[in-house]
Amino acid sequence: MAGDTADRPKPRLIVDCDPGQDDAVAIVVAAAYGELLGITTVGGNAPLADVTRNALLTCQLFGLDVPVYAGEATPLKAEPLHAPEIHGTSGFAGPSLPELDREPEHPHAVEYLIERVRADEGLWLVQIGPATNVATAFAKAPDLPGRLAGVSFMGGSASGGNRTAAAEFNALADPEALDVVLGSDTEIRMCGLDLTMQLTVDDQLVSDIRDVAAPDGGALGNPGAKVIADLFGHYLERIEALAGHRVGGLHDPCAVLAVTHPELFEMVKRPTGVELRGSLTRGMTVVDRRSRVSEGDTGIPWTDAGQFHPVWHCVSLDVVAARSLVVDALNQVGTKSDR
Ligand code: BDR
Ligand code: CA
């Protein structure tokens, strides 16, 4: 198996998400290669009620006994931003979906984050939606960043946006919250568009996932993988309608793999900030690629100190291994025998 990690302990993770097809795959990848303790949801790709239902559906389809907590419906200051043009109004456009047989847990996601991180040092937060929940938790409980192993997030870009010319969707949806997270005193790993567009969804991947769903075209052994293949099929149709080609980024699983399989990545620590004011550039992440900043190096002039923060910028990954890990995760988790 690609990137075999059998000999090392699985990192303990909480996934903060807004499913969305790529969030759903990230949940499955986290369950396969990490110890997935909990899932928190945040308004983003679709309104909070929809993304919470989609997180619960993902757990149901893949037989995951992981608690789901609903969090913030709206950003700290911005108006809510959704992505129906990519994910449909429900966030899960494409497949026919089963009726939901489970409910979110109490308390609110922010309270859960505070309680869980205080109870258990050394957890990773994998933030793959707008940063609202994590920033709110950090503001209410300033001791949290110091208790974490770190935050690995999908968001931003070092080279242009997708929601606007300058800004990536998650960063634009709540830039004030992302600013809080970037400035927090914990290790931050950033999987921006420049990284996540290297790991792509295309017709071949959809076909590989359909094979996992029903090996040899036989009986459907893995209904979760079938739903993921249908979600990705819809995603490719939307990309084709919007951009004229059938290739899209497989964004969110990258932020999980950056924790479970860091050896697949090249990471460089770079001064990074998020633009809060620009009329053309609000939500843009600015990654200073002029210099390599090493631990303890104070010799580099950091312009606008206070706005730039040290962030491990994930620059590249082994896409062949990452793709294979994603397909293996959908296979393993979707067909495990104790369901
Ligand atoms: C990010 O935005 C969402 O649409 C995806 O789920 C991903 O987290 C990509 O810009
Ligand atoms: Ca997402």
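Residues numbered from 1 in each chain as written. Chains lettered and ligands numbered in written order. Predicted model: local features only at pLDDT ≥ 70, side-chain atom pairs only at ≥ 80, totals over all residues. Heavy atoms only, no water.

Looking now at the sheet that holds strand β4 (residues 124-127). The mixed open sheet is built from nine strands, whose spatial order is β3-β2-β1-β4-β5-β6-β11-β9-β10. Each end of this open sheet is capped by a strand with a single partner; those strands are β3 (68-70) and β10 (285-287). Ignoring strand direction, the axes of neighbouring strands in this sheet form an average angle of 30°. Two elements, strand β2 (residues 35-41) and β3, share three bridges in a ladder whose sense is parallel. Bridge pairing in β3 links Thr-41 to Ala-70. (Pairing = 2+ DSSP bridges. Helix = DSSP H or I, 4+ residues; strand = E, 2+ residues; numbered from the N terminus. Axes fitted to C-alpha atoms, helices over the stretch in contact; angles between N-to-C directions.)

Put simply, Pro-19 and Gly-20 share a cis peptide bond, and its omega is -10°. Position of Gly-20 relative to the elements: it lies in the loop between β1 (12-17) and α1 (21-33). In this structure, the amide linkage connecting His-106 to the following residue, Pro-107, adopts the cis form with an omega of 5°. Here Pro-107 shows up in the loop between α3 (84-87) and α4 (109-119).

One pass over the structure, following the stated rule, counts two aromatic pairs. Summarising the aromatic geometry, the rings of Phe-232 and Tyr-235 are spaced 6.5 Å apart at their centres and angled 40° between planes, so their arrangement reads as tilted. Here Phe-232 pairs with Tyr-235, and both are found in helix α11 (residues 223-243), just three residues apart, close to one helical turn. We note that Phe-232, like Tyr-235, is buried. (Phe/Tyr/Trp six-rings, centres within 6.5 Å; stacked < 30°, edge-to-face > 60°. Buried < 20%, exposed > 50% of the residue type's maximum accessible area, 1.4 Å probe, protein only.)

Time to look at the side chain of His-234. With respect to the secondary-structure elements, His-234 resides in helix α11. When its relative accessible area of 18% is taken as the criterion, His-234 is described as buried. Leaving out residues up to four positions away in the same chain, His-234 has contacts with Ile-86, His-87, Gly-88, Ala-93 and Gly-94. (Contact = heavy atoms within 4.5 Å.)

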